[in-house]
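Here is how the chains run, residue by residue.
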Amino acid sequence: MIFENKLDKKYDAWIQWNLTSKCNFDCEYCFGHSTEPNQKISPIKINELLKTLSQSKKIFRIGFTGGEPFLIPNFIEAAKRLTEKHFISLNSHFTSSKVQEFLNVVDKEKVLFIHASLHFDELVNKNLFDRYVSNFNEARNSGFNIYAEAVAYPAALKKINENLQMMKLVNIDFTYAPFFGEINRKNYPESYTELEKSMFGLSDDAIQHHFQKGKFCNAGKNVFAAYSTGKVTPCFQIHETVGNLYSGISLSDDGIFCPAKRCGCPLNYYDTYLFKKSLNNGTK
Ligand code: SF4
Ligand code: SF4
């Protein structure tokens with residue numbers, strides 16, 4: 001999701017936090033989620049986290065993703081406490097029974113956006129489509145910045161008209177985001193045909209941002225990736241540890257020139273506000 005911050009919410013840095021690999025969905029195109037029933041889900045150490053953020057003297061955007069963030073037992077409390085000072089964004093399949101509580105207790109002005117991932121097959125198979133729609137409408141009617149996005153998985157083209165119709169009937173607009181991964185030895189998103197791109201509404205620009213080797217990126221300067229243990233790295237492709245959410249983070253004065261051939265989560269593209277800020281502030 002590209003966040004352009006049109007409302008000019010002021011924050012200094014973004015940490016995209018992969019809270020857990022656990023998910024109660026099992027999407028065919030997912031890379032890295034776990035459905036292992038005995039896998040432990042650790043609660044967020046809220047006090048330690050707030051202390052680390054406060055020591056850095058910055059206002060943060062904490063981007064919650066996973067797996068499924070609502071599976072974290074104290075996720076709502078963490079979101080509430082964080083938004084007393086910082087901002088959050090959320091990627092979720094948005095079918096949890098806890099969504100209503102989240103909407104009731106978390107300050108919508110501090111939620112930059114909710115990316116309500118639209119996984120058609122799982123929503124239908126698990127009989128959760130109505131729940132998704134009702135949670136989505138509750139959030140939208142309560143004034144949250146929410147949008148729906150599905151994965152442009154090539155096999156989904158078979159049902160594209162059916163899916164468009166389903167969403168039209170419930171009056172929710174949605175877009176497709178590029179699939180990032182491999183199918184039958186073909187890498188995506190670079191292997192989409194022109195027809196597939198046109199049917200999914202994918203622009204070449206959206207695809208090109210996954211290939212930035214040698215280009216400047218603000219990873220490690222004002223954008224970061226974090227993992228369930230709290231470990232913080234400049235981005236999900238660069239594994240050098242630059243701190244831990246529960247004990248301290250070192251922010252670099254410089255960004256980097258992208259070392260990766262392919263990038264599933266281009267942080268410099270997904271938050272244009274912080275990317276521009278990184279160019280205007282200090283050396284690159
Ligand atoms: S909802 Fe997201 S994390 Fe869960 S299986 Fe589907 S793609 Fe993976
Ligand atoms: S891999 Fe992605 S996030 Fe990391 S430096 Fe390259 S473009 Fe930036």
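Preceding this section is the structure that the text describes.
Residues numbered from 1 in each chain as written. Chains lettered and ligands numbered in written order. Predicted model: local features only at pLDDT ≥ 70, side-chain atom pairs only at ≥ 80, totals over all residues. Heavy atoms only, no water.

A. Broad picture of the site of ligand 1. Residues in close proximity to ligand 1 include Cys 23, Phe 25, Asp 26, Cys 27, Cys 30, His 33, Gly 67, His 93 and His 119, which together make up its full environment. Looking at the shell around ligand 1 residue by residue, the classes come out as four nonpolar, four polar and one charged. (Near = heavy atom within 4 Å. Nonpolar A, V, L, I, M, F, W, Y, C, P; charged D, E, K, R; others polar.)

B. Quick peek at the environment of Tyr 176. Within the secondary structure, Tyr 176 is located in strand β6 (residues 174-178). Given the relative accessible area of 10%, Tyr 176 is considered buried. Considered as a pair, Tyr 176 and Lys 45 are 131 residues apart in the sequence and their alpha carbons are 34 Å apart. Those residues in contact with Tyr 176, other than ones at most four positions away along the chain, are Phe 120, Glu 149, Ala 150, Val 151, Ala 152, Ile 160, Asn 163, Phe 200 and Leu 202. (Helix = DSSP H or I, 4+ residues; strand = E, 2+ residues; numbered from the N terminus. Buried < 20%, exposed > 50% of the residue type's maximum accessible area, 1.4 Å probe, protein only. Contact = heavy atoms within 4.5 Å.)

C. Structural detail: the pattern of salt bridges. Taken as a whole and judged by the stated rule, the model has nine salt bridges. Here Glu 109 and Lys 9 are joined by a salt bridge, their closest N and O atoms 3.3 Å apart. Of the two residues, Glu 109 is situated in the loop between α3 (99-105) and β4 (111-118) and Lys 9 in the segment before β1 (13-18); the sequence distance between them amounts to 100 residues. Classification of Lys 9 as buried rests on a relative accessible area of 17%. Put simply, Glu 194, Lys 197 and Asp 204 are held in one network by salt bridges that share partners. (Salt bridge = Lys/Arg side-chain N within 4 Å of Asp/Glu carboxyl O.)

D. Just helix α6 (residues 160-169), in detail. Among the residues of α6, those classed as buried are Ile 160, Asn 163, Met 166 and Met 167. Axial view of α6: buried residues confined to an arc of 125°, hence all on one face. In α6, the exposed positions angled more than 90 degrees off the buried face are occupied by Asn 161, Lys 168 and Leu 169. The elements touched by buried residues of α6 are β4, α4 (120-125), α5 (129-141), β6 and α7 (194-200). At the C-terminal side of α6, Asn 171 shows a positive phi close to 60°. (Arc of directions from axis to C-beta.)

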